Amino acid sequence: MIIGTAGHIDHGKTALVRALTGVDTTHLPEERRRGITIELGFAPLTLDTAGGGIVGVVDVPGHESFVRTMLAGATGIDVALLVVAADEGVMPQTREHVAILTLLGIRGGVVALTKCDLVDSEWIALVREDVRELLRQSVLADAPIVPVSARTGDGVAAVRAAIAAIARALPVRAADDLFRMPVDRAFTRHGTGTVATGTVWSGALERDHSVRIFPGGRLARVRGLQVHGRAVDRVAVGMRAAVALGGPGTDVGDLARGGTLVTGDDWLESRTLRADVALLPDAITSLSARTRVRLHLGTADVGARVVTAGGRLEPGMTKPARIALDAALLSRAGDRFVLRGGSPPVTIGGGVVSDPMPPGRRARLWPMRLSAPDRLRLALLDGGAHGV
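Residues numbered from 1 in each chain as written. Predicted model: local features only at pLDDT ≥ 70, side-chain atom pairs only at ≥ 80, totals over all residues. Heavy atoms only, no water.

A.B. asks: For this particular structure, what's the right way to read helix H4 (residues 92-103)?
C.D. replies: In an α-helix there are 3.6 residues to a turn, and that puts residues three or four apart on one side. A rise of 1.5 Å per residue sets the reference length of H4, with its 12 residues, at 16 Å; its end C-alpha atoms lie 17 Å apart and thus fit the reference within 8%. The element H4 is extensively covered by neighbouring structure, given that 9 of its 12 residues are classed as buried. Where H4 is concerned, the buried positions are Gln93, Thr94, Glu96, His97, Val98, Ala99, Ile100, Leu101 and Leu103. Structurally, H4 contributes buried residues whose contacts are with strand E1 (2-6), helix H3 (67-74), strand E4 (79-85), helix H5 (121-135), strand E20 (336-341) and strand E21 (346-355). Gly105 sits one or two residues past H4 and shows a positive phi near 70°. (Helix = DSSP H or I, 4+ residues; strand = E, 2+ residues; numbered from the N terminus. Expected span 1.5 Å × (residues − 1). Buried < 20%, exposed > 50% of the residue type's maximum accessible area, 1.4 Å probe, protein only. Contact = heavy atoms within 4.5 Å.)

A.B. asks: Quick question: what am I supposed to make of the sheet that holds strand E17 (residues 293-297) here?
C.D. replies: Hydrogen bonds between backbone atoms are what pair the strands of a sheet, whose relative direction is either parallel or antiparallel. With antiparallel pairing, the 6 strands of this closed barrel are ordered in space as E16-E19-E18-E17-E20-E21. On average, each strand axis in the sheet is inclined to that of its neighbour by 45°, with strand direction left out of account. Pairing of E20 with E21, which is carried by 6 bridges, proceeds in the antiparallel orientation. Its bridge partner being in E21, Leu339 is matched across the sheet by Gly349. (Pairing = 2+ DSSP bridges. Axes fitted to C-alpha atoms, helices over the stretch in contact; angles between N-to-C directions.)

A.B. asks: Sorry if this is basic, but what is going on with unusual backbone geometry here?
C.D. replies: The phi angle of most residues is negative, glycine excepted, and most peptide bonds adopt the trans form. With an omega of 5°, the peptide bond between Phe214 and Pro215 qualifies as cis. Take Pro215: it is sitting in the loop between strand E10 (210-214) and strand E11 (218-227). A positive phi is found at Lys115, a non-glycine position, where the angle reads about 60°. Assignment of secondary structure puts Lys115 in the loop between strand E5 (108-114) and H5. With a phi angle near 55°, His228 is a residue other than glycine that sits in the positive phi range. With respect to the helices and strands, His228 occurs in the loop between E11 and strand E12 (230-232).

A.B. asks: Looking at this model, I keep getting lost on the confidence of the model for the chain. Mind explaining?
C.D. replies: Parts of the model with low pLDDT should not have their predicted coordinates read in detail. Scored by pLDDT, the chain comes out at a mean of 87, with 89% of its residues at no less than 70. Mean pLDDT values over the elements of the chain span from 38, in helix H7 (residues 362-365), up to 97, in strand E6 (residues 145-147). Below a pLDDT of 50 lies the segment residues 362-388, which in the model reaches 13 contacts outside its immediate sequence neighbourhood of four places, other chains included. (pLDDT = per-residue confidence, 0-100.)

A.B. asks: Help me understand empty space enclosed by the protein in this model?
C.D. replies: Sizing a probe to match a water molecule and rolling it over the atoms shows the empty space that remains. With the rule as written, the count across this model stands at 1 cavity of 30 Å³ or more. Here the largest cavity is characterised by a volume of approximately 30 Å³. Along its surface, the largest cavity is lined by Ile3, Val17, Leu20, Thr21, Leu45, Val57, Leu81 and Ile163. The element contributing the most residues to the lining of the largest cavity is helix H1 (residues 13-21), with 3 residues. (1 Å grid on protein atoms, 1.4 Å probe; cavity = no way out; pocket = protein on both sides within 12 Å on 5 of 7 lines; lining within 4 Å. Points joined across faces, edges and corners; volume = space filled by probe spheres on them.)

A.B. asks: Explain the nonpolar core to me, please; I cannot follow it from the model alone.
C.D. replies: By size, the foremost hydrophobic cluster in this structure holds 58 residues, and its most contacted members are Val277, Leu295, Ile323, Phe337 and Leu339. Discounting residues that sit within four places of it in the chain, Leu295 has contacts with Ala300, Asp301, Val302, Ala304, Ile323, Leu325, Leu329, Phe337, Val338 and Leu339. (Core = buried A, V, L, I, M, F, W, Y, C linked by side-chain atoms within 4.5 Å.)

A.B. asks: Whenever I open this one, the side chain of Thr299 confuses me. Can you help?
C.D. replies: Here Thr299 is to be found in the loop between E17 and strand E18 (300-308). Within the local environment of Thr299, its side chain forms a polar contact with the backbone oxygen of Val183, the two atoms lying 2.8 Å apart. Contact partners of Thr299, with chain neighbours within four places excluded, come to Ala72, Thr75, Pro182, Val183, Asp184, Arg257, Gly258 and Gly259. (Polar contact = N/O pair within 3.5 Å; in protein donor to acceptor, adjacent residues only side chain to side chain.)

A.B. asks: I keep staring at the side chain of Ser149 and nothing clicks. Help me out?
C.D. replies: Mapping Ser149 onto the fold places it in the loop between E6 and helix H6 (156-169). According to the relative accessible area criterion, Ser149 is buried, its value standing at 3%. Of note is the side chain of Ser149, whose polar atom sits 3.0 Å from the side chain of Asp117.

A.B. asks: Got a minute to help me understand the pairing of E18 in this structure?
C.D. replies: On a regular strand, one side chain projects to one face of the sheet and the next to the other, so that they alternate. By the criterion of burial, E18 is predominantly enclosed, with 7 of the 9 residues buried. Here E17 pairs with E18 via 5 bridges, running antiparallel. Within the sheet, the bridge partner assigned to Leu297 lies in E18 and is Ala300. The hairpin turn running from E17 into E18, its antiparallel successor, is 2 residues long, and Gly298 in that turn takes a positive phi close to 65°. Judged from the 5 bridges that link them, E18 and strand E19 (residues 318-329) form a sheet pairing that is antiparallel. Each bridged residue has a counterpart across the sheet, and for Ala304 the counterpart in E19 is Leu325.

A.B. asks: Which parts of the structure should I look at to understand the sheet that holds E4?
C.D. replies: One open sheet holds the 6 strands; their spatial order is E2-E3-E1-E4-E5-E6, and the pairing between them is mixed. Each of the sheet's edge strands pairs with one partner strand only, and the pair in question is strand E2 (41-46) and E6. Each strand axis lies, on average, 25° off the axis of its neighbour in the sheet, ignoring direction. Bridge analysis of E1 against E4 gives 4 bridges, and the strand direction is parallel.

A.B. asks: Can you walk me through H3 in this structure?
C.D. replies: The buried fraction of H3 is high, at 7 of 8 residues. Every buried residue belonging to H3 is among Val67, Thr69, Met70, Leu71, Ala72, Gly73 and Ala74, and all of these are buried. Along its buried surface, H3 packs onto E1, strand E3 (54-59), H4, E17 and E20.

A.B. asks: How should I be thinking about the environment of Ser288 in this particular structure?
C.D. replies: Topologically, Ser288 is positioned in the loop between strand E16 (270-279) and E17. You can call Ser288 buried: its relative accessible area is 17%.

Listed below in structure tokens is the structure:
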């Protein structure tokens, strides 16, 4: 199971992760110099046996400039740990992160009211009411709100117990599926070679088996696997995994955030998706076929245009749509994505993929000189090839 942090900058996400796990997830000199999280950080969290043993924690940036990084970290998480500082309350990135968690369909969560040692009980009660109102229409509507201070340690055990309770309540995801892992980091390690890390979205993978690397579909051998720094023979859905790769085309320059590792030979990339798309009620813009947006799916981030029947997609509306992508993307039906637009970019909506490789707009491809019976035969053949 994967726990992901969320919340505004300087509300104490990294400090709380450190108090819960004993691990400082900051690793860049720039992060230590500026005192903010810039890149994704990872740590193992030990829960009581009934709560699920060791789970992975993904610590994400809270600054508005790094929401793209936050989205890459939010991919595949099961439980959100929303952090709200009691001395500041709900802030802009609190709202945007809650919207992102809702669009991604996160299965559960805990709210930590941090820095409670800086305010009195009456102020904490007011902030709690504001947070509850913010979450009323979100996936975290029923999430427990736990006061905590990472500095004094008060409430840390209560946060850990609340996470364990959520872990017990969530159903285990099925492992009998094809392996898929969006890549959020790639690097070279001496004696190991190229390593790709990510959260396993589906299926399982064993050492010495083969994977395909997208974009491109290159074949690679799995030289080794690790979970939280420990070598293992197998990784499965819901785990944070490091996969050491060997073979042609596995240089670190050939891998990057946004790629995907999969098993199986039937995966195909597409530059067109069909999806049910929703705009947030407070979205800053409506969408037409000419509106440029950024689509975030897994760890990938690509330019896109959303085309809906009957004109523009207005804030608060949900419509079936055809999405034209600037670059080919690997996806499956049921995948959730987030849309960002505007300047500076903000989250405006998202959706669920209904067809990752829809048939083309056939009418524009048929020569006009074909007779009606010929066009009908072509339509039937084309539809049969695409399983529609």
